[in-house]
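Residue-level structure breakdown
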Amino acid sequence: MKKYKIFIFSLLIIFSLNLSAKDYKASLFGVKSDGTTLNTGSIQYAIDYISENGGGRLVFYVGRYLTGSFYLKPNVTVQLEEGAVLVGFHSVYDYFEVNGTKALILADTVENIGITGKGVIEGNGHAVLKSIEEQIGKGYLDAGQLPAKPALINFNACSNVTLDEIILRDACGDVQVYSRCKKVKINNITVESTSLPDSKGIVISGCNGFTLSDSYFETSGTELSSNNTSKDVSVSGAVNSKGKKIKAAK
Amino acid sequence: MKLKSIILSLALLCFTGVFAKDYNASIFGIKSNGTTLNTTSIQKAIDLIHEEGGGHLNFYVGRYLTGTIELKSDVHIILHEGAILVGSTNIYDYNIETPNTALVYAKNADNISITGLGVIDGQGRDVAYSLLDQVHKGIINDQLKYDRPANRRPKGIYFRECRNVEISGITIKNTAEWVQVYDQCENLKIDKITVDSKAFWNNDGLDIVDCKDVLLTNSFIDSSDDAICFKSHDATKMCENVEVRNCVARSSASGIKFGTVTRGGYKNFKIINNKVYDTYRSAIAIQTPDGGVIENILIDSLNVYNTGNAIFLRIGERWAKNGVGSMNNITIQNVYAEIPATKPDAGYPYEGPIEDLPRNISPASIVGLPGHDITNVTLRNIEIVYPGGSNKTYAYRGIKPADLDGIPEMPDRYPEYSQWKELPAWGFYVRHAKNLTFENVTLTAKEKEYRPAIVFDDVKGATLKDMEYNFPGSGKKLFKYKSTEIIQK
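The shown structure was predicted, so the numbers you read here are calculated from the model rather than taken from an experiment.

**Description of the overall build of chain B**
Of regular secondary structure, chain B possesses 4 helices and 33 strands. Taken over C-alpha atoms, the radius of gyration comes to 24 Å for chain B, in line with the 23 Å a tight globule of 489 residues would show. Looking at chain B as a whole, 58% of its 489 residues qualify as buried. Restricting to contacts in chain B with at least 6 residues of sequence separation, those with at least 24 account for 77%. Side chains of chain B give 55 positive and 58 negative charges; the mean places of these two sets differ by 3 Å.

As structure tokens, this is what we get:
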């Protein structure tokens, strides 16, 4: 009887631990909110650390956090509180790519990842483009790189992806790219990316289970672009700046 | 008899002038090398000068590293051109267990001053990170509000209950918290100072708290939090007889602000011939959210460029036990303001937070509470230029009764012009106010607006004279709701 009780008790503890993913404040890892410190290294270290220690949320409070590309790892959610802005660094060399597409936030073959909260991800599109053009002009960068302008988000072969509430702004390339992902849930986000031409809101291909709901799009390119290779795509309550309902463009 | 007293005062003046002794910092072993920590030797110098009846402590060119020093009565610090008082980056060099820890601290000291063309550099960012590091190591206990230390970040200057205070000529840079605070001081003169502080959160440029007889002139204040700020922390005190002239303010919060904490209140203010630019929130914000009384405020000749909002007047009720405050007899005249479509403080360190979205460009606002009107407000010779171009798909607030009644009162919220998110007007939104005068007010929207220029809700008595509205299309000018005695001439 006693053993049985202990067993249930431990089960409960394990269960509750899993339910309440741990929160880590960004400053614990030396991430700085001043808008001038490049935080890439600390943010990546934080995400790796959280993932290796059972997962949780990396929480950014009010401030501007300058960063280059980083990778999300299993069971890590980036939580951007209201007033927190992740700002993309201007230099093209601070962006990595997955599947041929550069992005500020990357994820490759991982599960249970998310970006949530009322904060902002700002791509700094003009400055990044200027850096690309400059480097091509000087001959350091292949001219073929120009079409591969960094997106804000590029997730490849990930499952259980959540985007909730965030504001995505001013991408250099497309805003979000999801390839061969499973169970992607995007709800209540705001996408504003008009300062450079043909910045698409969302590009999906080969996904299985994609839900977009209650979101606002103001983009220079198509709001939602799907090449017909995705299954189980559902869109509801998403509008563009002219008040038009958004459907998956084919 | 009169002659006698004049002669006597003249003699007294000469006496104090002649006998105010000069001391050079070097005689106390204070080093100007920028690496020697001088805290104890500077304190020794201050104590000795104070005990010997007062005098000037002269710092000549050099960098003087120090932790907290406490100024005493009759001690005058002169930072000559090229002299820099440099704050230590070690948090343990400050009086962190005293409330309001500061680099230069004074309590109950009379006749004190910091003058000259020198600099006080708080090195606040490094100080704050030194403190944060100790918090993360568990050595200092702090709950980290918004992921930054809530307590123990040193201010630049904190003077409490001091009389006859003068600050002039100096530049104050980069503190870890508020740059300078004068709390319950009397006869305070601040002239020709420069504040350049974008080092960390809560870098208010200048806080005058419950002070009497204040003259602030010819100063330039650029700070990441509120630039020129009046506060009232004590319900039994208030800020009284304050004059601000010929100042320039830049902020990633508000330019000239009354509040936030307003327990006692503000009375008899003249704020004349000032400029606000590149400021994220309001150029002029007058708020009583904590029971304070605000009376007789004159804002005259204010030029505002690239600033998020021109005017914000607000009664709130954050802490019920203090009751609700009042705001009466506010005159704002000769104001020109340009509001941009883009973020006014973009590119400055510690930009103001993006919040209260979605909303289109917010109007100026005068907002009391039900049963607590803002009374007797005169707006004269005012021109505000807005970008216009609101998008009602992005954010919408109409003028139907359900829309207007749907705007929450939000009495307990931290007051901010953006707090209601989308408001139903683009020029002015007025709610719960009594006896208003709008005279020669010009409102311009450059692009088309879906909202009226002005919305009055629960306004009891207003006279609008010589109004001018410029906007493309055929929008409404003034929309009245639940309002009485609105006279348009």
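**Some words on the overall build of chain A**
In terms of regular secondary structure, chain A is built from 3 helices and 23 strands. Taken over C-alpha atoms, the radius of gyration comes to 19 Å for chain A, in line with the 18 Å a tight globule of 250 residues would show. Expressed along its principal axes, the backbone C-alpha trace of chain A runs to roughly 75 × 40 × 30 Å. Residues counted as buried form 52% of the 250 residues belonging to chain A. Looking at chain A alone, contacts between residues at least 24 apart form 61% of all its contacts between residues at least 6 apart. A total of about 11,400 Å² of accessible surface is found on chain A, and carbon and sulfur atoms cover 52% of it. Distance from the positive charge centre (26 side chains) to the negative charge centre (24 side chains) of chain A: 8 Å.

**A look at the interface of chain B and chain A**
Listed by partner, the interface residues are 21 residues for chain B and 27 residues for chain A. Between chain B and chain A, a total of about 1,900 Å² is buried, with carbon and sulfur atoms accounting for 57% of that surface. Between A:R64 and B:E351 there is a salt bridge whose closest N-O contact spans 3.2 Å. Broken down by class, the residue content of the side of chain B that touches chain A amounts to 11 nonpolar, 4 polar and 6 charged.

**Here's the deal with empty space enclosed by the protein**
All told, the structure shown has 4 cavities of 30 Å³ or more when counted by the stated rule. Every residue lining the largest cavity is counted, 15 residues in all, and those nearest its centre are A:S27, A:V31, A:S33, B:D147 and B:W201. Per-class residue counts for the lining of the largest cavity are 10 nonpolar, 2 polar and 3 charged.

**Looking at the sheet that holds strand β7 (residues 84-88) of chain A**
Read from one edge of the open sheet, 8 strands run β2-β4-β7-β11-β14-β17-β20-β23 (chain A), paired in parallel fashion. Pairing within the sheet leaves two strands with one partner each, and these edge strands are β2 (34-38) and β23 (239-240) of chain A.

**Focus: the layout of surface pockets**
Residue and element names in this part refer to chain B. Its boundaries defined by the atoms lining it, the largest pocket holds a volume of some 1,600 Å³. Lining the largest pocket are 49 residues, and of these K145, Y146, R148, N202 and Y414 lie nearest its centre. Considering every element that reaches the lining of the largest pocket, the biggest residue donor is strand β23 (residues 256-262), with 4 residues. Of the residues assigned to the lining of the largest pocket, the class counts are 16 nonpolar, 13 polar and 20 charged. Two domains each donate at least three residues to the lining of the largest pocket, and these are domain 1 (19-203) and domain 2 (214-489).

**Focus on the environment of B:T236**
Turning to its location among the elements, B:T236 is positioned in the loop between β20 (228-232) and β21 (239-245). Separated by 2.7 Å, the side chains of B:T236 and B:D234 make a polar contact.

**Details of helix α3 (residues 124-136) of chain B**
The periodicity of an α-helix, 3.6 residues per turn, causes residues three or four positions apart to be oriented the same way. Residue and element names in this part refer to chain B. Here α3 contains 13 residues, and its C-alpha end-to-end distance of 18 Å stays within 8% of the 18 Å for a straight helix at 1.5 Å per residue. Those residues of α3 lying buried are G124, V127, A128, Y129, S130, L131, L132, Q134 and V135. At the C-terminal side of α3, G138 shows a positive phi close to 85°.

**Points about the packing of aromatic side chains**
Tallying each qualifying case throughout the model produces 27 aromatic pairs over all chains. Taking the centre distance of 4.9 Å and the plane angle of 80° together, the rings of A:F60 and A:Y65 count as edge-to-face. Of the two residues examined, A:F60 and A:Y65, each falls in the buried class. Look at B:W201 and B:Y350: their rings are 5.1 Å apart centre to centre, the planes differ by 75°, and that puts the pair in the edge-to-face class. Residue B:W201 is located in the loop between β16 (194-197) and β17 (206-209), and its partner B:Y350 is located in the loop between β26 (326-338) and β27 (364-367); the two are separated by 149 residues in the primary sequence. Here B:W201 matches B:Y350 in class, with each residue buried. Clustering of aromatic rings is evident, with ring pairs tying together B:Y129, B:F200, B:W201 and B:Y350.

**Considering the sheet that holds strand β3 (residues 56-60) of chain A**
Residues and elements named next belong to chain A. Within the open sheet, the 8 strands sit side by side as β1-β3-β6-β10-β13-β16-β19-β22. Their pairing is parallel. Both edges of this open sheet fall to β1 (22-25) and β22 (231-236), since each of them pairs with a single strand only. Here the average twist between neighbouring strands, direction ignored, is 10°. Where strand β16 (residues 182-187) and strand β19 (residues 208-213) come together, 5 bridges link them in parallel fashion. When the sheet's bridge partners are listed, K185 is paired in β19 with T211. On top of the sheet, helix α2 (residues 40-52) reaches β1, β3 and β6 (76-80); it is set at about 155° to β3, its chief contact.

**A short note on the pairing of β7(A)**
Residues and elements named next belong to chain A. Burial within β7 is extensive, with 5 of its 5 residues counted as buried. Where burial is concerned, the two faces of β7 agree: the one with A84, L86 and G88 and the one with V85 and V87 are both buried. For strand β4 (residues 63-67) and β7, the ladder comprises 5 bridges, and the chain directions are parallel. Looking at the pairing, T67 lines up with G88 of β7. Summarising the sheet, β7 and strand β11 (residues 120-122) pair through 3 bridges and their orientation is parallel. Looking at β11, one finds that L86 is bridged to I121.

**As for the side chain of B:T375**
Here B:T375 is to be found in strand β28 (residues 374-386). A distance of 2.9 Å separates a polar atom in the side chain of B:T375 from a polar atom in the side chain of B:N328.

**Some points on the domain arrangement of chain B**
Residues and elements named next belong to chain B. For chain B, the assigned domains are domain 1 (19-203) and domain 2 (214-489). With 21 residues of domain 1 in contact, the opposing surface of domain 2 contributes 22 residues. Counting the contacts that link domain 1 with domain 2 gives 1 salt bridge. Across the pair K198 and D222 runs a salt bridge whose closest N-O atoms are separated by 2.9 Å. Viewed at the interface, domain 2 and domain 1 are joined by 18 residue pairs in polar contact (both at pLDDT 80 or more). Elements with a minimum of two residues in the side of domain 1 that touches domain 2: α3, β15 (186-191) and β16. Grouping the amino acids of the side of domain 1 that touches domain 2 by side-chain chemistry returns 9 nonpolar, 5 polar and 7 charged.

Reading guide: rules and limits
Residues numbered from 1 in each chain as written. Chains lettered and ligands numbered in written order. Predicted model: local features only at pLDDT ≥ 70, side-chain atom pairs only at ≥ 80, totals over all residues. Heavy atoms only, no water. Helix = DSSP H or I, 4+ residues; strand = E, 2+ residues; numbered from the N terminus. Rg over C-alpha atoms; globule rule 2.2 N^0.38 Å. Buried < 20%, exposed > 50% of the residue type's maximum accessible area, 1.4 Å probe, protein only. Contact = heavy atoms within 4.5 Å. Lys, Arg positive; Asp, Glu negative; His and termini not counted. Charge placed at Lys NZ, Arg CZ, Asp CG, Glu CD. Areas by Shrake-Rupley, 256 points an atom, 1.4 Å probe, with all protein chains shown as cover. Buried area = accessible area lost by both parts, 1.4 Å probe. Salt bridge = Lys/Arg side-chain N within 4 Å of Asp/Glu carboxyl O. Nonpolar A, V, L, I, M, F, W, Y, C, P; charged D, E, K, R; others polar. 1 Å grid on protein atoms, 1.4 Å probe; cavity = no way out; pocket = protein on both sides within 12 Å on 5 of 7 lines; lining within 4 Å. Points joined across faces, edges and corners; volume = space filled by probe spheres on them. Pairing = 2+ DSSP bridges. Domains from an automatic or database assignment. Polar contact = N/O pair within 3.5 Å; in protein donor to acceptor, adjacent residues only side chain to side chain. Expected span 1.5 Å × (residues − 1). Phe/Tyr/Trp six-rings, centres within 6.5 Å; stacked < 30°, edge-to-face > 60°. Axes fitted to C-alpha atoms, helices over the stretch in contact; angles between N-to-C directions.

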